[in-house]
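# Reading the structure
Below are the chains, spelled out letter by letter.
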Amino acid sequence: MRDKRYVVSASPYVRHGRSLRSMMITTIIALMPAAAWGIYQFGFRAIFIIEMGIAGAVLAEVVVNRLASKESTLGDFHAVLVGLMMALLLPVAVPWWLVFLGAFLAILVGKAVFGPLGGAPISPVLVGLLIVAASWPTEINSYAHPTTADEAFHAAGVAPPEAPLTACLLYTSPSPRD
């Protein structure tokens, strides 16, 4: 009988000639239009929020690798992607430390505790977002007006100045029974 040996390796298991690094960079490039639009709409505050998200995720990746005595995994750009996604999912008016902490916890809890890259049951970004949203709900619901928004849209009621949930509650049509 032939000796069959199975090779155990880290995820991703399906390979198609692209490296993990190139997949992460491609995803980061795909998010650049959304980041550019946020910077256009909200100004330098959006740049600062994106920087804090990336810094929190990268710092967490460094801390986790040092504590686990593993070699650095910063070269695959996953931490940068997690930080960028965390910054783009949170409102621009949140405190900077909340974005930093959310990205830090995304890597610390979502990636390090639940498993390596590709092994977590849910996205590390969602883990960080859920922790932050559950812990600081009032800060998460703080929205800022875009600096480039036309006031005519607000005056016409096309883009209500309230938070999205408040706008939905204020501008709903009455039920047929009323």
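Residues numbered from 1 in each chain as written. Predicted model: local features only at pLDDT ≥ 70, side-chain atom pairs only at ≥ 80, totals over all residues. Heavy atoms only, no water.

### Section: the overall build of the chain
Scanning the chain for helices and strands turns up eight helices and zero strands. Within the chain, the fraction of its 178 residues that count as buried is 28%. Relative to all contacts within the chain whose residues are 6 or more apart in sequence, the contacts with residues 24 or more apart total 68%. For the chain, the exposed surface amounts to about 11500 Å²; the carbon and sulfur share of it is 67%. (Helix = DSSP H or I, 4+ residues; strand = E, 2+ residues; numbered from the N terminus. Buried < 20%, exposed > 50% of the residue type's maximum accessible area, 1.4 Å probe, protein only. Contact = heavy atoms within 4.5 Å. Areas by Shrake-Rupley, 256 points an atom, 1.4 Å probe, with all protein chains shown as cover.)

### Observations regarding helix H2 (residues 44–67)
For H2, spanning 24 residues, the distance from its first C-alpha to its last is 34 Å, which sits close to the expected 34 Å at 1.5 Å a residue. Buried within H2 we find Ala46, Ile49, Ile50, Met52, Gly53, Gly56, Ala57, Ala60, Glu61, Val64 and Asn65. Looking at the buried side of H2, the elements it contacts are helix H1 (20–42), helix H3 (78–89) and helix H4 (96–113). Immediately downstream of H2, the backbone of serine 69 shows phi near 55°, a positive value. (Expected span 1.5 Å × (residues − 1).)

### A word on the confidence of the model for the chain
Across the chain, the average pLDDT comes to 81, with 72% of residues at or above 70. The element-level mean pLDDT for the chain is lowest in helix H7 (residues 151–156), coming to 52, with H3 highest at 94. (pLDDT = per-residue confidence, 0-100.)

### A look at a nonpolar patch on the surface
A grouping of Phe48, Trp96 and Trp97 is seen on the molecular surface, where their side chains present a nonpolar patch of about 290 Å² in accessible area. Among the secondary structure elements, phenylalanine 48 is positioned in helix H2. (Patch = residues over 30% accessible without salt bridge, like charges linked within 9 Å, V, L, I, M, F, W, Y side chains within 5 Å. Salt bridge = Lys/Arg side-chain N within 4 Å of Asp/Glu carboxyl O.)

### Side note on helix H5 (residues 124–135)
Under the 1.5 Å per step criterion, the end-to-end length of H5 is 17 Å for 12 residues, consistent within 8% with the ideal 16 Å. Residues Pro124, Val125, Val127, Gly128 and Val132 constitute the buried set of H5. Taken down its axis, H5 places every buried residue within 165° of arc, on the same side. Of the exposed residues in H5, those oriented more than 90 degrees away from the buried face are Leu130 and Ala134. (Arc of directions from axis to C-beta.)

### Comments concerning the packing of H1 against H3
One can describe the packing of H1 onto H3 by two numbers: an axis separation of 10 Å at closest approach and a directional angle of 25°. The angle between H1 and H3 falls in the class roughly parallel. As for the relative orientation of H1 and H3, their crossing is left-handed in sense. Along its contact with H1, which presents Met24, Thr27, Ile28, Leu31, Met32, Ala34 and Ala35, the element H3 presents His78, Val80, Leu81, Leu84, Met85 and Leu88. Of the residues assigned to the contact of H1 with H3, the class counts are 11 nonpolar, two polar and no charged. (Axes fitted to C-alpha atoms, helices over the stretch in contact; angles between N-to-C directions. Parallel < 35°, antiparallel > 145°, perpendicular 65-115°, else oblique. Left-handed = near helix turned anticlockwise from the far one by under 90°. Nonpolar A, V, L, I, M, F, W, Y, C, P; charged D, E, K, R; others polar.)

### Concerning the packing of aromatic side chains
Tallied over the full model, the rule gives two aromatic pairs. Between the aromatic rings of tryptophan 37 and tyrosine 40, the centroid separation amounts to 5.2 Å while the plane-to-plane angle is 40°, which identifies the pairing as tilted. On the criterion of helical spacing, the pair formed by tryptophan 37 and tyrosine 40 is a turn pair, its members being three residues apart in helix H1. Both rings, one in tryptophan 97 and one in tryptophan 136, keep their centres 5.4 Å apart while their planes meet at 80°; by these two values the pair is edge-to-face. Pair noted here: tryptophan 97 is in helix H4 and tryptophan 136 is in the loop between H5 and helix H6 (137–140), with a separation of 39 residues, a long-range link. (Phe/Tyr/Trp six-rings, centres within 6.5 Å; stacked < 30°, edge-to-face > 60°.)

### Notes on unusual backbone geometry
Not every positive phi belongs to a glycine, and serine 69 is a case in point at roughly 55°. Mapped onto the secondary structure, serine 69 falls in the loop between H2 and H3. The phi torsion at phenylalanine 77 lies on the positive side, around 65°, for a residue other than glycine. The residue phenylalanine 77 is located in the loop between H2 and H3 in this model.

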